[in-house]
Amino acid sequence: MVTANNELAYNSKIEGDVIVTRADAVINWIRTNSMWPMPMGLACCAIELMATASSRFDIARFGAEVMRFSPRQSDCMIVAGTVTYKMATAVRRIYDQMAEPKWVIAMGACASSGGMYRSYATLQGVDRIVPVDVYVSGCPPRPEALLDALMRLQTKVKRERSAEKLLSA
Amino acid sequence: MSAPAAALTALREKFPRVTERASADHPAADVPAEELLAVLRCLRDEHGYDLLADLTAVDWAEGASPRFTVIYHLLSTATPGYLRLATACAGDTEPAAPSVTGLWPAANWHEREAYDMFGIRFTGHPDLRRILMWDGYPHHPLRKEFPLAGVETPLPDPEIVAETGAKAIAAPMAGGPFVASPGEMKMTEAEPRAKDESWNEAKDKPE
Ligand code: SF4
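Residues numbered from 1 in each chain as written. Chains lettered and ligands numbered in written order. Predicted model: local features only at pLDDT ≥ 70, side-chain atom pairs only at ≥ 80, totals over all residues.

**Student:** Could you give an account of the overall build of chain B, with specific residues and numbers?
**Tutor:** Secondary structure summary: chain B contains four helices and eleven strands in total. In terms of overall size, chain B is more extended than a compact globule, its C-alpha atoms giving a radius of gyration of 22 Å where 207 residues would be expected to give roughly 17 Å. A principal-axis box enclosing the C-alpha atoms of chain B has dimensions of 65 × 50 × 35 Å. The buried share of chain B, taken over its 207 residues, is 24%. (Helix = DSSP H or I, 4+ residues; strand = E, 2+ residues; numbered from the N terminus. Rg over C-alpha atoms; globule rule 2.2 N^0.38 Å. Buried ≥ 20, exposed ≤ 12 C-beta atoms within 10 Å, placed from the backbone.)

Here it is as structure tokens:
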């Protein structure tokens, strides 16, 4: 098992076909490496989101290339763009339709804080309607910044007590 | 004489109540609201102004009368040239103007936008709903008395409001609006910044 974490220890000579580990480690390992995004591309940041998905930056290296346009099939909503008040309720409704476990990345100044749009029409930060896990600065952020956000989210997910949550759900 | 100016002269002979309007670029004219449709129809059918390039409005601020003016930009695709027509709206609190959707279908969304932003009612419009703000939004944001930051308003979806408690708020201006300084300077200095930097989100505005 090639992995940087020390959750798994496997020696075939001693253990044969059995791997001993913690449930949390296995669940989180699966979750972190197949985090399917819900691309909530609402403005210019969405262009960088597309760049992140394409070959030069290749978000597939992190298991997050499967952009799902159905909230039922996605794990991580990437809010990329300016959220107007008119759109805000739809964003929340889509978030509600995503199956647990779910996470949110606020990509760019607009999604994080309203950005330069201090106006009557713009939601002043998407965290007013959905819980955000990672904020990305920039207008727009570079694709590397989004990849960094995804890696931070993966680090965060790795620390979750998933088994306990599943049993108490 | 350019083609638009010639069209305007011919138009003023036919409609004596049409008056010339000061303009820095294209020939322009003021048209009384009652004659608007006849004038525009004449321009479209007899002078070849077949394209409505833009339809917008001006708010001359509270107290002015007439307060609202609707502006039409026409383009002739046969003899290239623009023509601008302006008509004052009847009514200063509940402004109204005739709809030109019957002449140019393109006017449909433009008129919805002017209605949304200024509250001008276009009589005869087939579907006069808001186009940018949500249905039921109580204000008309481009009116002069409406602040850029907005005013506190409930969001349209009661379920979401019950769940999140979110509402449309007056945006924190924090020393804004954020503008680029005019004139020639280094790129770093020319970056948009708050007009009044003595306060921001972290530091309150000095009294
Ligand atoms: S942060 Fe900048 S690039 Fe991203 S949506 Fe806002 S204005 Fe566009």
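From this point, the discussion proceeds with the structure in view.
**Student:** So what about the pairing of strand E1 (residues 37-41) of chain A? Which residues, and what values?
**Tutor:** Residues and elements named next belong to chain A. Extensive coverage of E1 is indicated by the burial of four of its five residues. With five bridges connecting them, E1 and strand E2 (residues 76-80) associate as parallel partners. Paired with Met40 across the strands is Val79, a residue of E2. Taking the sense of rotation as the criterion, the β-α-β connection linking E1, helix H3 (residues 45-53) and E2 turns out left-handed. (Pairing = 2+ DSSP bridges. Right-handed = clockwise from strand over helix to strand, strands pointing away.)

**Student:** Hey, could you go over the pairing of E2(A) for me, with residue numbers and the actual values?
**Tutor:** For a regular strand, side-chain orientation follows a simple rule: the groups alternate between the two sheet faces. Of all five residues that make up E2(A), five are buried, and the element is covered over most of its length. Taking every second residue as pointing to the same face, both faces of E2(A) are buried, with A:Cys76, A:Ile78 and A:Ala80 on one and A:Met77 and A:Val79 on the other.

**Student:** Account for the interface of chain B and chain A, naming residues and giving values.
**Tutor:** The interface of chain B with chain A comprises 19 residues on the first partner and 15 residues on the second. Residue composition of the side of chain B that touches chain A, by class: 15 nonpolar, three polar and one charged. (Contact = placed C-beta atoms within 7 Å. Nonpolar A, V, L, I, M, F, W, Y, C, P; charged D, E, K, R; others polar.)

**Student:** Help me get a handle on the packing of H3(A) against helix H6 (residues 143-158) of chain A, residues and values and all.
**Tutor:** All names here are of chain A. Two elements in contact, H3 and H6, have axes whose closest approach is 9 Å; the angle formed by their N-to-C orientations is 75°. With respect to H6, the element H3 is oriented roughly perpendicular. Here Glu48, Leu49, Ala51 and Thr52 of H3 come into contact with H6, specifically with Pro143, Leu146 and Leu147. A per-class count over the contact of H3 with H6 returns five nonpolar, one polar and one charged. (Axes fitted to C-alpha atoms, helices over the stretch in contact; angles between N-to-C directions. Parallel < 35°, antiparallel > 145°, perpendicular 65-115°, else oblique.)

**Student:** Could you give an account of the domain arrangement of chain B, naming the residues involved and the relevant values?
**Tutor:** Assigned domains of chain B: these are domain 1 (3-140) and domain 2 (147-198). Here the C-alpha centre of domain 2 of chain B lies 32 Å away from the C-alpha centre of domain 1 of chain B. (Domains from an automatic or database assignment.)

**Student:** Kindly report on the nonpolar core, identifying the contributing residues and their values.
**Tutor:** Ranked by internal contacts, the top residues of the largest apolar core, which has 42 residues, are A:Ile78, A:Val79, A:Ile105 and A:Met107. Setting aside residues no more than four positions away along its own chain, A:Val79 makes contact with A:Met40, A:Val91, A:Val104, A:Ile105, A:Ala106, A:Met107, A:Ala111 and A:Val126. Listed in part, the 29 residues of the second largest apolar core include B:Ala28, B:Ala57, B:Phe68 and B:Ala107. (Core = buried A, V, L, I, M, F, W, Y, C linked by C-beta atoms within 7 Å.)

**Student:** Lay out the site of the ligand with the relevant residues and their values.
**Tutor:** Every residue close to the ligand is listed here: A:Ala43, A:Cys44, A:Cys45, A:Gly81, A:Thr82, A:Gly108, A:Ala109, A:Cys110, A:Gly115, A:Cys139 and A:Pro140. Broken down by element, the shell around the ligand gets its largest block of residues, three residues, from helix H5 (residues 108-113) of chain A. (Near = placed C-beta within 6 Å.)

**Student:** Can you break down the sheet that holds E1(A) residue by residue, with the values?
**Tutor:** Residues and elements named next belong to chain A. An order of E1-E2-E3-E4 is seen for the four strands of this open sheet, with the pairing classed as parallel. The open sheet has two edge strands with one neighbour each: E1 and strand E4 (134-136). Each neighbouring strand pair of the sheet contributes to a mean axis angle of 15°, computed without reference to strand direction. Where strand E3 (residues 103-107) meets E4, three bridges bridge the pair, whose relative direction is parallel. Paired with Ile105 across the two strands is Val134, which belongs to E4. Against the sheet, H6 contacts E2, E3 and E4, and its axis sits at roughly 170° relative to E4.

**Student:** Run through helix H2 (residues 36-46) of chain B, naming residues and quoting values.
**Tutor:** Residues and elements named next belong to chain B. Those residues of H2 that fall on the buried side of the exposure criterion are Leu36, Val39, Leu40 and Leu43. All buried residues of H2 lie within an arc of 95° about the axis, which places them on one face of the element. Opposite the buried face of H2, at more than 90 degrees from it, the exposed residues are Ala38, Asp45 and Glu46. As for H2, its buried residues are in contact with helix H1 (3-14), strand E4 (68-76), strand E5 (81-88) and strand E6 (96-98). Downstream of H2 by one or two residues, Gly48 has phi in the positive range, about 80°. (Arc of directions from axis to C-beta.)

**Student:** Outline helix H4 (residues 85-97) of chain A, supporting the account with residue identities and numerical values.
**Tutor:** For H4(A), which comprises 13 residues, the first-to-last C-alpha distance of 19 Å matches the rise-based estimate of 18 Å (1.5 Å per residue) to within 8%. On the buried face of H4(A), the contacting elements are E1 and E2 of chain A together with helix H4 (158-164) and strand E9 (167-168) of chain B. (Expected span 1.5 Å × (residues − 1).)

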